[in-house]
Amino acid sequence: TGEAKYADDLVFPGAWYGATIRSTDAHARFDGFDLEPDFDWSKVAVVTAADIPGENIVSLISDDQPVLVPIGGEIQHHAEPLVLLAAADRETLRHARRGIRIRTTPLPAVFDPVESDHVFAHYDIASGDLDAGFADADLILEGTYRVGHQEQLYIENNAMIAVPREDGGVAVHGSLQCPYYIHKALKRALRLTDEQARVVQAETGGGFGGKEEYPSIIALHAALLSRKTGKPVRMIYDRHEDLAATTKRHPAVVTHRTGVKADGTLVAQEIEVVMDGGAYCTLTPVVLSRGAIHAGGPYRCPNVRIRARATRTNTPPNGAFRGFGAPQVEFAAEVQMGRLAEALKLSPLDIRRKNLYRLGDETPTGQILRESVAAEEVLERAAEAAEFEGVRGRTERGRGRRAGSGHVPGSPLRTGLDRVASGIGVALAWHGAGFTGSGEVKLASVASLELAADGRVRILTGSTEMGQGTKTIFPQLVAAELGLTAEDVEMAPQDTALVPDSGPTVASRTAMVVGGLLIQAARRLRTTVEKRNGGRPFADVRVADAAANGPLRIDEHFEPYPHVHFDDETYRGDAYPAFGWAACVATVGVDLDSGEVTVRDVVAADDVGRVIHPVLAEGQVEGGTLQAIGYATIEEIKLRDGRYLNDRLATYIIPTALDAPRITTVLVEAPFSGAPHGAKGVGELPMDVGAPAVVAAIHDATGAWVHELPASPERILTALGVTPARAGAPPASATRAAVDAPIEDGTDPRPDARSDPQVLRGPRDPGEPA
Amino acid sequence: MTAWRFTVNAEPVEVEAPGMRRLLDVLREDLALTGTKEGCGEGECGACTVLLDGAPVDSCLVPVCQVDGATIATVEGLAEPSPEGFVLDPLQQAFLEAGGAQCGICTPGMLMAARAYLDAGGVADEAAIRESIAGNLCRCTGYTKIVEAIAIAARVSTGTL
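Residues numbered from 1 in each chain as written. Chains lettered and ligands numbered in written order. Predicted model: local features only at pLDDT ≥ 70, side-chain atom pairs only at ≥ 80, totals over all residues.

**Brief notes about the overall build of chain B**
Then comes step 1: Secondary structure assignment for chain B yields 5 helices and 7 strands.
Then comes step 2: Traced from its N-terminal end to its C-terminal end, chain B shows the element sequence β-β-α-β-β-β-β-β-α-α-α-α.
Then comes step 3: For chain B, whose C-alpha radius of gyration is 16 Å, the value lies close to the compact-globule estimate of 15 Å for 161 residues.
Then comes step 4: When its C-alpha atoms are laid out on the principal axes, chain B stretches across 50 × 35 × 25 Å. (Helix = DSSP H or I, 4+ residues; strand = E, 2+ residues; numbered from the N terminus. Rg over C-alpha atoms; globule rule 2.2 N^0.38 Å.)

Now the structure itself:
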């Protein structure tokens, strides 16, 4: 109806408009700035780092990122905030923006994360004996996989409005996921008390991780300007600024070396992950940690070594995005698994059936999977619903028909009959539920319930709604425990002056962790009230009880899940209290002339522990699946000298309703005993499987593996050109050379290979020397 | 400044504004109709879709001088006022039932594009519905439940449900 108020819909009388002056260098010294002498600057507020009363730091993990680069300080990336402006009207602000000249001295910049020697974080996970594993292998397969940036592209841009408070503090209203992250940032940089800093969430038009950390900087900028002017200040990004400056999914380079028996059994996995953190640390160590732990894929392997590092480059910082490090590495793991199946002439289903995690298996961090393992079920349910084997038989016959019909010049697989080749592909993934390692224990989240004096029940949590359904499922869960209807339970606004810190709304943890706390709070509330009312049902006595005894508030604090232990130092133990499991089958058509891919149908099977609200859960799977398909096919950021080139919605393209496939969702329930309702979270699971399923389907259609996302027409045509069998020269060394060994050719190019496993590499990675 | 006269949601309005002021800003700031959203400001996302004489347009690309004498419909006009509050448009009802709105920021534009489709006699045909909302981006739903919702509303309005 248009009633819902998003940040830019809020009216604050007398508000000024704010703007951010940003660097146009990737790495430089900030020497200062000049103001146009003919312009009347008395109408404009100008804020620099010198105006920050507290510490010039916005951080979650490492104290490396300034709120504003100080004059004389180092600019670390393009679009970094340098100076803030505010004016009473947009016209004045526009003139002011044009009247400021930034002076810098350029410094040498680093853009390649593999070359960078500034390491934000590194992890080394090892189990078994890698050398013995490779010695035992019948085949060794190597591959390098690359993924680029991806933008969250919430349809509502970032927006914050700061309003001065009479106590010298500030209230910020905005589009955000994590009110207490912003609260903490405001207190530190502006030297405020808990009460002086107030953060209120407006309706939020999508987040997907993109409004986890960056809103802290925007809130600080708006607050600094409002402090300077004494007015409310609106800091509303347009799409161009949002795309150019805010965080993206981390690019990654993932290298696999896998040893496998002839029957498909995995015996050794050696994996290297390099992620590009961008210019500042932000959440990178946690993203990398999830990436490292998930890098092997959902497969049992006795001998594993995973080395992961994230480095600094002079590009805008990367941050949280649905999946949080897992989609990058699981793309690599699944394409590797598909190539192994092809090399061994096994079906993509059979090789997964042979290796997927089952109850009692041990992961590379030494975690024993004691419960809630549904890898097999999601795989079988997705394969069945998509009629995988039947369709694959048809696509195989299609390939055979084309192979026998000769080539059309310029299009290696094209025949007169089939311009579009059809293919089907499958992918399987796991996703650790909630925070990694001891993260939940450190968060120490609180969720509260209140029986108000009038007998109404109120939920008090810092968990935010951004379309995923917090405001629907919380009342539903609480009402069910109290014997009420959801309409009888209301949600307090996400306002740090009212609600406790329930931890950030991220990591698919809201339903599982905070929902679990609320159920426990509801049980305590019910017991307390029923006990003092002679055991009569809560629903019947709540109004009379509240009238007689006054309001009652229950604060529920997070308690560590029993039997879950993780050592952050050695990276051994239970990395997550449980895992969610996802399988995806994608059907594509590939235009053999243009290389264009159409994703036609997707079946997604996701194990979420317990389905709380089927329509919302399906909505999460469908939306996440389409984001994954965008990642697979069209979404790409191009950079030049550390600057995003396609920083507009006209050039950064996401799927439309016409690009979107038909998506069928299968919800699977393997409950987690540590949560009172068994739920494990759903938001991120579908993001892990969509891209590798599409790439496998492209391979099924064409015979070519694409090693880099997105699988753009250019990359597909390149892969098609590379695929035809040609013998490679023997590699000079196992680490440097890459050989296009035809998969069908059983001979080993190495001279002394008789008793050793066969080694397959390539198709050649464009970045490697030939 | 010139005075521009047109109709918004069946009410005549008069706005003093420069002729090149965006219809989107006139609606949101001069007329306080903030239901219409800005997503990109360059006609790519469709969040600001309104109906101009019945046809869906991106209000960020329409200068107010172009709507002089025209009829504009926005999301605020979809629900009908009644003694008990508002009666939702069948499309709004269907979006609620099917789960067609998640974060809700694309919903006003999506509803207006769908309204235009139904008003033009659109039926519950998946391909045609997808075509009709191809100019409206949604990042939450994957479009599945939006397409379902529009199909439900089409069946309701043609009496086949």
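Next, the rest of the story.
**Describing the overall build of chain A**
Then comes step 1: Counting secondary structure elements, chain A contains 17 helices and 28 strands.
Then comes step 2: For 770 residues, the compact-globule estimate of 2.2 N^0.38 gives 27 Å, and chain A sits close to it at 27 Å.
Then comes step 3: The dimensions of chain A, computed from C-alpha atoms along their principal axes, are 80 × 80 × 50 Å.
Then comes step 4: In chain A, which comprises 770 residues, the share counted as buried stands at 58%.
Then comes step 5: Contacts spanning at least 24 positions in sequence make up 81% of the contacts within chain A whose residues lie at least 6 apart. (Buried ≥ 20, exposed ≤ 12 C-beta atoms within 10 Å, placed from the backbone. Contact = placed C-beta atoms within 7 Å.)

**Side note on the pairing of strand 11 (residues 197-201) of chain A**
All names here are of chain A.
Then comes step 1: Counting buried residues in strand 11 gives 5 out of 5 residues, a clear majority hidden from the surface.
Then comes step 2: Burial of strand 11 is two-sided: the residues Ala197, Val199 and Gln201 facing one way and the residues Arg198 and Val200 facing the other way are all buried.
Then comes step 3: Pairing geometry for strand 10 (residues 170-174) and strand 11, over 5 bridges, is parallel. By the bridge assignment, His173 is partnered in strand 11 with Val200.
Then comes step 4: With respect to chirality, the unit in which strand 10 leads through helix 3 (residues 179-190) into the neighbouring parallel strand 11 is right-handed. (Pairing = 2+ DSSP bridges. Right-handed = clockwise from strand over helix to strand, strands pointing away.)

**Let's talk about unusual backbone geometry**
Both trends apply: most residues other than glycine have a negative phi, and most peptide bonds are in trans.
Residue and element names in this part refer to chain A.
Then comes step 1: Omega for the peptide link from Leu709 to Pro710 comes to -5 degrees, which places this bond in the cis form.
Then comes step 2: Along the chain, Pro710 falls in the loop between helix 16 (685-702) and helix 17 (713-722).
Then comes step 3: Phi angles above zero are rare outside glycine, and Lys345 is one such case at about 55 degrees.
Then comes step 4: Looking at where Lys345 falls in the secondary structure, it is placed in the loop between helix 7 (326-343) and helix 8 (348-355).

**Re the packing of helix 15 (residues 614-633) of chain A against helix 16 of chain A**
All names here are of chain A.
Then comes step 1: Contact geometry of helix 15 with helix 16 gives a least axis separation of 7 Å together with a crossing angle of 40 degrees. When the axis of helix 15 is compared with that of helix 16, the two are oblique. Note on packing geometry: the crossing formed by helix 15 with helix 16 is right-handed. Together, Val621, Gly624, Thr625, Gln627, Ala628, Ile629, Tyr631, Ala632 and Thr633 of helix 15 and Leu685, Pro686, Met687, Val689, Gly690, Ala691, Val694 and Val695 of helix 16 make up the contact between the two elements.
Then comes step 2: Looking at the contact of helix 15 with helix 16, its residues break down into 12 nonpolar, 5 polar and no charged. (Axes fitted to C-alpha atoms, helices over the stretch in contact; angles between N-to-C directions. Parallel < 35°, antiparallel > 145°, perpendicular 65-115°, else oblique. Left-handed = near helix turned anticlockwise from the far one by under 90°. Nonpolar A, V, L, I, M, F, W, Y, C, P; charged D, E, K, R; others polar.)

**Side note on the pairing of strand 8 (residues 139-147) of chain A**
Regular strands have side chains that alternate between both faces of the sheet.
Residues and elements named next belong to chain A.
Then comes step 1: Most of strand 8 is tucked away: 7 of the 9 residues are buried.
Then comes step 2: In the sheet, strand 8 pairs with strand 28 (residues 758-760) via 3 bridges, with the strands oriented parallel. Directly across from Leu139, in strand 28, lies its bridge partner Gln758.
Then comes step 3: Where strand 8 and strand 13 (residues 252-260) come together, 9 bridges link them in antiparallel fashion. Counted as the bridge partner of Arg146 is Val253 from strand 13.

**What about the interface of chain B and chain A?**
Size of an interface, as often reported, equals the accessible area lost when the parts are brought together.
Then comes step 1: Counting from both sides, the interface comprises 35 residues of chain B and, opposite them, 34 residues of chain A.
Then comes step 2: Residue assignment for the side of chain B that touches chain A shows that the elements contributing at least two residues are helix 4 (126-132) and helix 5 (144-157) of chain B.
Then comes step 3: The dominant element in the side of chain B that touches chain A, judged by the number of residues it contributes, is helix 5 of chain B, at 3 residues.
Then comes step 4: Looking at the side of chain B that touches chain A residue by residue, the class counts come to 17 nonpolar, 11 polar and 7 charged.

**As for the sheet that holds strand 4 (residues 55-58) of chain B**
All names here are of chain B.
Then comes step 1: Judged by pairing direction, the sheet is mixed, and its 5 strands sit side by side in the order 2-1-5-3-4 without closing on themselves. In this open sheet, the two edge strands, each paired with only one partner strand, are strand 2 (11-17) and strand 4. With direction set aside, neighbouring strand axes in the sheet form an average angle of 40 degrees.
Then comes step 2: In this sheet, strand 2 lies alongside strand 1 (residues 2-8) in antiparallel orientation, the contact comprising 7 bridges. Bridging from a neighbouring strand, Val8 pairs with Glu11 of strand 2.

**A word on the environment of Glu148 of chain B**
Residues and elements named next belong to chain B.
Then comes step 1: For Glu148, the location among the structural elements is in helix 5.
Then comes step 2: Taking the C-beta count within 10 Å as the criterion, Glu148 has 20 such neighbours and is therefore assigned buried.
Then comes step 3: Linking Glu148 and Asp125, residues 23 residues apart in sequence, is a C-alpha distance of 9.8 Å.

**Digging into the environment of Leu346 of chain A**
Residue and element names in this part refer to chain A.
Then comes step 1: Tracing the backbone through its elements, the reader meets Leu346 in the loop between helix 7 and helix 8.
Then comes step 2: Along the chain, Leu346 and Ile716 lie 370 residues apart, while their C-alpha atoms are 24 Å from each other.
Then comes step 3: The residues touching Leu346, leaving out its near neighbours within four places in the chain, are Gly264, Ala341 and Ile351.

**Here's the deal with the confidence of the model for chain B**
Then comes step 1: Scored by pLDDT, chain B has a mean of 96; 99% of the residues are at 70 or more.
Then comes step 2: Two summary scores accompany this predicted model of the complex, namely pTM at 0.94 and ipTM at 0.97. (pLDDT = per-residue confidence, 0-100.)

**Some thoughts on helix 4 (residues 214-229) of chain A**
All names here are of chain A.
Then comes step 1: For helix 4, spanning 16 residues, the distance from its first C-alpha to its last is 23 Å, which sits close to the expected 22 Å at 1.5 Å a residue.
Then comes step 2: With respect to burial, helix 4 is a largely interior element, 15 of its 16 residues being buried.
Then comes step 3: Residue Gly230 follows helix 4 closely and has a positive phi angle near 75 degrees. (Expected span 1.5 Å × (residues − 1).)

**Thoughts on the packing of helix 13 (residues 510-531) of chain A against helix 14 (residues 538-549) of chain A**
Residues and elements named next belong to chain A.
Then comes step 1: For the pair helix 13 and helix 14, the least separation of the axes is 10 Å and the interaxial angle reads 70 degrees. The orientation of helix 13 with respect to helix 14, classified from their angle, is roughly perpendicular. On helix 14, the residues touching Arg526, Val529 and Glu530 of helix 13 are Phe538, Val541, Arg542 and Asp545.

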